[in-house]
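# Descriptive analysis of the structure
If you want the building blocks of each chain, they are given just below.
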Amino acid sequence: MEGDGVGVGGVQFAVTEAVAALGAFLLRQFFLGVPRDYEEAARLDGANRWQTFIRVIIPLAVPAIATLAVFKFISQWKASP
């Protein structure tokens with residue numbers, strides 16, 4: 001039933017929340033693994049925190065973000081009727 005708020009919509013919500021928790025854990029673990037030396041080198045080159053994040057950290061995080069996108073796509077694929 002579509003209108004009762006349980007069923008497909010509830011399952012999809014549960015799957016989405018599980019992927020969100022996985023994503024938070026995955027990205028947190030990745031960012032903890034990035035050496036501080038990269039941030040210090042960017043600071044020595046004159047970058048502020050925002051520039052360091054955008055120009056150094058985000059390019060390093062592309063594989064982790066791509067992995068998260070694949071997990072999200074697969075979970076949405078499985079949740080669709």
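Read on for a plain summary of the structure. (Residues numbered from 1 in each chain as written. Predicted model: local features only at pLDDT ≥ 70, side-chain atom pairs only at ≥ 80, totals over all residues. Heavy atoms only, no water.)

## A closer look at helix 3 (residues 49-79)
The condition that has to hold: Numbering of helices and strands runs from the N terminus; a helix is a DSSP stretch of H or I covering at least four residues, while a strand is a stretch of E covering at least two. For a helix, the expected span equals 1.5 Å multiplied by the number of residues minus one. Throughout, bend refers to the angle between the axes fitted to the seven residues that end at a position and the seven residues that start at it. Using a 1.4 Å probe on the protein chains alone, a residue whose accessible area is under 20% of its type maximum counts as buried, one over 50% counts as exposed, and one in between counts as partly exposed. Under the rule applied, a polar contact is a pair of N or O atoms within 3.5 Å (in protein, one hydrogen donor and one hydrogen acceptor; residues adjacent in sequence only if both atoms are side-chain atoms).
Over its 31 residues, helix 3 extends only 39 Å from the first C-alpha to the last, a length that falls short of the 45 Å expected when each residue adds 1.5 Å. Of all bends in helix 3, the biggest is about 50°, found at V62, and the proline P63 comes one to four residues later. All of the buried residues in helix 3 are T52, I57, A61, A64, L68, S75 and A79. Here helix 3 starts with a cap whose side-chain oxygen sits 3.1 Å from the backbone nitrogen of W50, and that cap is N48.

## Structural notes on the side chain of T52
Short version of the rule: Any two residues having at least one pair of non-hydrogen atoms within 4.5 Å are treated as being in contact.
For T52, the position within the fold is in helix 3. Owing to a relative accessible area of 6%, T52 belongs among the buried residues under this scheme. In this structure T52 touches E39, A42, A47 and I57, once residues within four positions along its chain are discounted.

## Here we look at the layout of surface pockets
Think of a ball as big as a water molecule: rolled over the atoms, this probe shows where empty space is left. Short version of the rule: The distinction between a cavity and a pocket rests on a 1 Å grid over the protein atoms alone: a 1.4 Å probe fits inside a cavity but cannot get out, while a pocket stays open yet meets protein on both sides within 12 Å along at least five of seven lines, and a residue with an atom within 4 Å of a point counts as lining. Grid points are joined across faces, edges and corners, and a volume is the space filled by probe spheres set on the points.
Empty space within the largest pocket amounts to approximately 260 Å³. If you trace the largest pocket, you find it lined by F31, V34, R36, E39, E40, R43, R49, T52, F53 and I57. Going through the elements one at a time, helix 2 (36-44) and helix 3 are the ones with two or more residues in the lining of the largest pocket.

## Section: the packing of helix 2 against helix 3
Using the following cut-off: Lines fitted to C-alpha atoms define the axes, with helix axes restricted to the stretch in contact, and inter-axis angles between N-to-C directions lie between 0 and 180 degrees. Should an angle fall under 35 degrees it is called roughly parallel, over 145 degrees roughly antiparallel, and 65 to 115 degrees roughly perpendicular, with every other angle called oblique. Left-handed describes a crossing in which the near helix is turned anticlockwise from the far one by less than a right angle; the clockwise case is right-handed. Gly falls in the polar group here, along with every residue not listed as nonpolar (Ala, Val, Leu, Ile, Met, Phe, Trp, Tyr, Cys, Pro) or charged (Asp, Glu, Lys, Arg).
Close contact between helix 2 and helix 3 brings their axes to 10 Å; oriented N to C, the two are set at 135°. Considering the angle they form, helix 2 stands oblique to helix 3. The way helix 2 lies across helix 3 gives a crossing that is right-handed. Residues Y38, E39, A42 and R43 of helix 2 form the contact with helix 3, whose own contacting residues are R49, T52, V56, I57 and L60. Grouping the amino acids of the contact of helix 2 with helix 3 by side-chain chemistry returns five nonpolar, one polar and three charged.

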